[in-house]
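Each chain, letter by letter, is given below.
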Amino acid sequence: MRRVEALVLLSTLPSSILAAESSRPRGVSPEFAKFYKSADSFTCISNPSITLSTNQINDNYCDCPDGSDEPGTAACTYLSSLSPPQPVSGGGAGLINSTLALPGYYCKNKGHIPGYIPFMYVNDGVCDYELCCDGSDEWEGVGGTKCEDRCKEIGKEWKKLDEVRQKAARNALKKKAGLVSDAQALRAGVEISIGRLETEIREKEAKAEELKRRFEEVERRERGKVVSSSEGKPGSKVTVLAGLAKQRVEELREGLTKVVKKRDELKEKVVKLEAILSTFKEEYNPNFNDEGVKRAVKAWEDYAANKVDSDDSAEERDIEDISRPDTESEGINWAEWETDSEESDVEAIYKIEAYLPAPIRSWVHQKITDLRIMLIENGILADNANSGSESKAVSDARSAYQEVNDEVSTKQASLGDLQRDLEKDYGPNDIFRAMKDKCISKDSGEYEYELCWMAGTSQKSKKGAGNTGMGNFVRFDKIVVDEEVGADGKGLGQGERMVMMYENGQHCWNGPNRQTTVVLGCAETDEIWKVVEQEKCMYRMDVGTPAVCEGNGAKNGPEKKDEL
């Protein structure tokens, strides 16, 4: 039934097309059919000055310098695409082109994908079904070789695989669209965060400026004050020194008391040990021949003979007097030195304000304060700010300003990180922003290789030798590849491919820092296909990902059409 339908369809085609199909010489593709239309003569494609009869086409003799008269034989296989133009034979003027004009023997492969096969494979006694599934390349039957047409079976199987590949390509495009959407959302989130931080920084900076102004006002006001006392404590140098001396004396007295106590405890232990040794000397058996015991007794006798009893009563009394706390009648009367009972001339001047009328009191106070600050700034009076102590008002104002200022610094650092992240290259449409820091790995025998998007590559030893950094992401690049794509669709194919450069990895012994060239191909899922060390510590990693799939649904190569 299908054959009948095919015949009906063929019968509807214009007779000119059928005639062109039937008149096309063996091995000629539709692309070059226009050069073989004439029924009387043939002109060499690259050398139109040479004209042959149609009987010379596919006569197994290379008549055209470009081999175009032998599209269906191997007669012109000695010609090369690199052959330079040759002089015209017979001494004529000019040059002839001896480069092959045809890409190869054309296999129609009806039911599958048509294509070219190198001329050297024509009639070589081998059925090249991978390239020419219809077996037409062995039309001469050299050595009894018969190549049947297997395009129907091969085409059917190929179509099944192609359906799987196309489905995977469609799924990959859907995933890519999702990644682009996620990346745009993440970028928008960064932009929103930047806007929010900029607003917060402006507010915090204004607040910090106000707090700084308050702090400077408080500090200036406090510097203008006369420090005579603080919380009831004397403020003059003598009274301050007296307070420090009293504190130090108390510390020394407490230390002396502890040392005396420790000395008394040790004296008691010495008395007990002397009693034990004295008893031992009196009760030991001198006839017992033990050298260790004899030496111990002799040592005790020497110690007892040299011991001198001394009268330490005077020393004890001195220690007891020193350890006794100071009072008004004994020791130092600290209260006399800690209290500054006499009013200074400076304090008397400042107390003039108390006798002034209320309306002008504040004005006089401000002027006196300004005068004192001027004298301090000119080095005439001492600066209270450098006295080693700070009032609570100044301390609180400083802390409030410093806290807000630190918040501004932290937010500015975060803002800088976000702005640099926004300017960073994340590939087309920022797509790798959605994949940042996600990792994939591949088991490769002794090692496990890991790739973390936009981060780094590493080599993990399975013998517990630790991880080796193979590079950190630096930039995107491009590379032209020409590789096969497997039946499962995994492979880089042909054309320009995106590259991610990972450099400045762990230093290689007696070599450079490690680096990895990650070449990306279209795939339904993120997967490391292959890892090779091209040079010492220079790695190449072929990786599949939906992030680089093109919008036409093709996977790593141009789509091919069946010839019907």
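Residues numbered from 1 in each chain as written. Predicted model: local features only at pLDDT ≥ 70, side-chain atom pairs only at ≥ 80, totals over all residues. Heavy atoms only, no water.

Q: Please set out the overall build of the chain residue by residue, giving values where relevant.
A: The helix and strand inventory of the chain stands at ten helices and 16 strands. Here the chain holds 564 residues, and 30% of them are scored as buried. Of the contacts made within the chain by residues no fewer than 6 positions apart, 51% connect residues no fewer than 24 positions apart. Element-wise, carbon and sulfur atoms account for 53% of the exposed surface of the chain, whose accessible area totals about 36,300 Å². (Helix = DSSP H or I, 4+ residues; strand = E, 2+ residues; numbered from the N terminus. Buried < 20%, exposed > 50% of the residue type's maximum accessible area, 1.4 Å probe, protein only. Contact = heavy atoms within 4.5 Å. Areas by Shrake-Rupley, 256 points an atom, 1.4 Å probe, with all protein chains shown as cover.)

Q: Give me the lowdown on the pattern of salt bridges, citing residues and values where you can.
A: Within this structure, the stated rule accounts for 26 salt bridges. Its salt-bridge partner being Asp430, residue Arg187 comes within 2.9 Å of it at the nearest N-O pair. Linking Arg187 in helix H3 (residues 151-223) with Asp430 in the loop between helix H10 (392-423) and strand E9 (439-444), this pair joins segments that are 243 residues apart in sequence. With relative accessibility at 26%, the residue Arg187 sits in the partly exposed group. Using a relative accessible area of 11% as the deciding quantity, one classes Asp430 as buried. Counted as one network, the salt bridges with shared partners bring together Arg187, Glu191, Asp421, Asp430, Arg433 and Lys436. (Salt bridge = Lys/Arg side-chain N within 4 Å of Asp/Glu carboxyl O.)

Q: Tell me about the packing of aromatic side chains, residues and numbers included.
A: Tallied over the full model, the rule gives ten aromatic pairs. Between the aromatic rings of Phe215 and Tyr401, the centroid separation amounts to 6.4 Å while the plane-to-plane angle is 5°, which identifies the pairing as stacked. Taken together, the residues span a long stretch of sequence, with Phe215 in helix H3 and Tyr401 in helix H10 at a distance of 186 residues. Each member of the pair, Phe215 together with Tyr401, is buried. (Phe/Tyr/Trp six-rings, centres within 6.5 Å; stacked < 30°, edge-to-face > 60°.)

Q: Help me get a handle on the confidence of the model for the chain, residues and values and all.
A: As a note on interpretation, predicted positions should not be read in detail where pLDDT is low. Model confidence for the chain is summarised by a mean pLDDT of 81, while 80% of its residues fall at 70 or above. Within the chain, no element has a lower average pLDDT than helix H1 (residues 2-11), which sits at 34, and none a higher one than strand E5 (residues 105-107), at 95. Confidence drops under a pLDDT of 50 for residues 228-234, and excluding neighbours within four residues, the segment shows nine contacts in the predicted structure. (pLDDT = per-residue confidence, 0-100.)

Q: Quick one: what's the story with the sheet that holds strand E14 (residues 515-522), residue by residue and with numbers?
A: For sheets, the rule is that strands pair by backbone hydrogen bonds, running either parallel or antiparallel. Sheet architecture is open: eight strands sit in the order E9-E10-E11-E12-E13-E14-E16-E15, paired in mixed fashion. In the strand order of this sheet, the two ends are held by E9 and strand E15 (527-535), each with one partner. For this sheet, the mean angle separating the axes of adjacent strands, direction not counted, is 25°. (Pairing = 2+ DSSP bridges. Axes fitted to C-alpha atoms, helices over the stretch in contact; angles between N-to-C directions.)

Q: Describe the environment of Glu250, and please don't skip the residues or the numbers.
A: Here Glu250 shows up in helix H4 (residues 237-283). Note on Glu250: relative accessible area 35%, which makes it partly exposed. In this structure, the C-alpha to C-alpha distance between Glu250 and Ser323, residues 73 residues apart in sequence, is 9.3 Å.

Q: So what about the nonpolar core? Which residues, and what values?
A: Within the largest apolar cluster, 28 residues are counted, with the highest numbers of intra-cluster contacts made by Phe432, Leu451, Trp453, Met500, Leu520, Met541 and Val543. Going through the elements one at a time, H3, strand E10 (447-452), strand E12 (467-482), strand E13 (494-503), E14, E15 and strand E16 (538-545) are the ones with two or more residues in this core. What Met541 contacts, discounting residues up to four positions off in sequence, is Tyr449, Leu451, Thr457, Met470, Thr516, Thr517, Val518, Val519, Ile528, Lys530 and Val531. Residues Phe32, Phe42, Ile117 and Phe119 belong to the second largest nonpolar core, which totals 17 residues. (Core = buried A, V, L, I, M, F, W, Y, C linked by side-chain atoms within 4.5 Å.)

Q: Tell me about the side chain of Arg253, residues and numbers included.
A: Secondary-structure assignment places Arg253 in helix H4. Residues in contact with Arg253, not counting those within four places in the same chain, are Ile322, Ser323, Arg324, Pro325 and Asp326.

Q: Tell me about the state of the cysteines, and please be specific about residues and values.
A: Tallied over the full model, the rule gives eight disulfides. Across the disulfide from Cys107 sits Cys132; the S-S distance is 2.0 Å. Disulfide Cys107 to Cys132: torsion about the S-S bond roughly -110°, handedness left-handed. Here Cys107 is found in strand E5, whereas its partner Cys132 is found in the loop between strand E6 (115-117) and H3, with 25 residues between them in sequence. As far as burial versus exposure is concerned, Cys107 and Cys132 are alike and both buried. One disulfide bridge connects Cys508 with Cys537, the sulfur atoms lying 1.7 Å from each other. (Disulfide = S-S within 2.5 Å.)

Q: Hey, could you go over unusual backbone geometry for me, with residue numbers and the actual values?
A: Phi at Asn123 takes a positive value of approximately 55°, unusual for a residue other than glycine. Relative to the assigned elements, Asn123 resides in the loop between E6 and H3. Judged by its relative accessible area of 14%, Asn123 is buried. Although it is not a glycine, Met454 sits at a positive phi angle of roughly 65°.

Q: Could you give an account of a nonpolar patch on the surface, naming the residues involved and the relevant values?
A: Together, Met120, Tyr121 and Leu131 make up an exposed nonpolar region whose accessible area comes to about 280 Å². When its relative accessible area of 37% is taken as the criterion, Leu131 is described as partly exposed. (Patch = residues over 30% accessible without salt bridge, like charges linked within 9 Å, V, L, I, M, F, W, Y side chains within 5 Å.)

Q: So what about a negative patch on the surface? Which residues, and what values?
A: A cluster of acidic residues, Asp311, Asp312, Glu315 and Asp318, forms a negative patch at the surface. With respect to the helices and strands, Glu315 occurs in helix H6 (residues 313-323). (Lys, Arg positive; Asp, Glu negative; His and termini not counted. Charge placed at Lys NZ, Arg CZ, Asp CG, Glu CD.)

Q: Help me get a handle on the environment of Arg165, residues and values and all.
A: With respect to the element layout, Arg165 can be found in helix H3. In this structure Arg165 comes out as buried when scored by relative accessible area, which is 16%. Linking Arg165 and Asp488, residues 323 residues apart in sequence, is a C-alpha distance of 7.3 Å.

Q: So what's going on with the pairing of E13? Residues and values would help.
A: Among the ten residues in E13, seven count as buried, and that is most of the element. Here ten bridges tie E12 to E13, and the two strands are oriented antiparallel to one another. Paired with Asp477 across the two strands is Val499, which belongs to E13. Strand direction decides the pairing type here: E13 and E14, joined by four bridges, are antiparallel.

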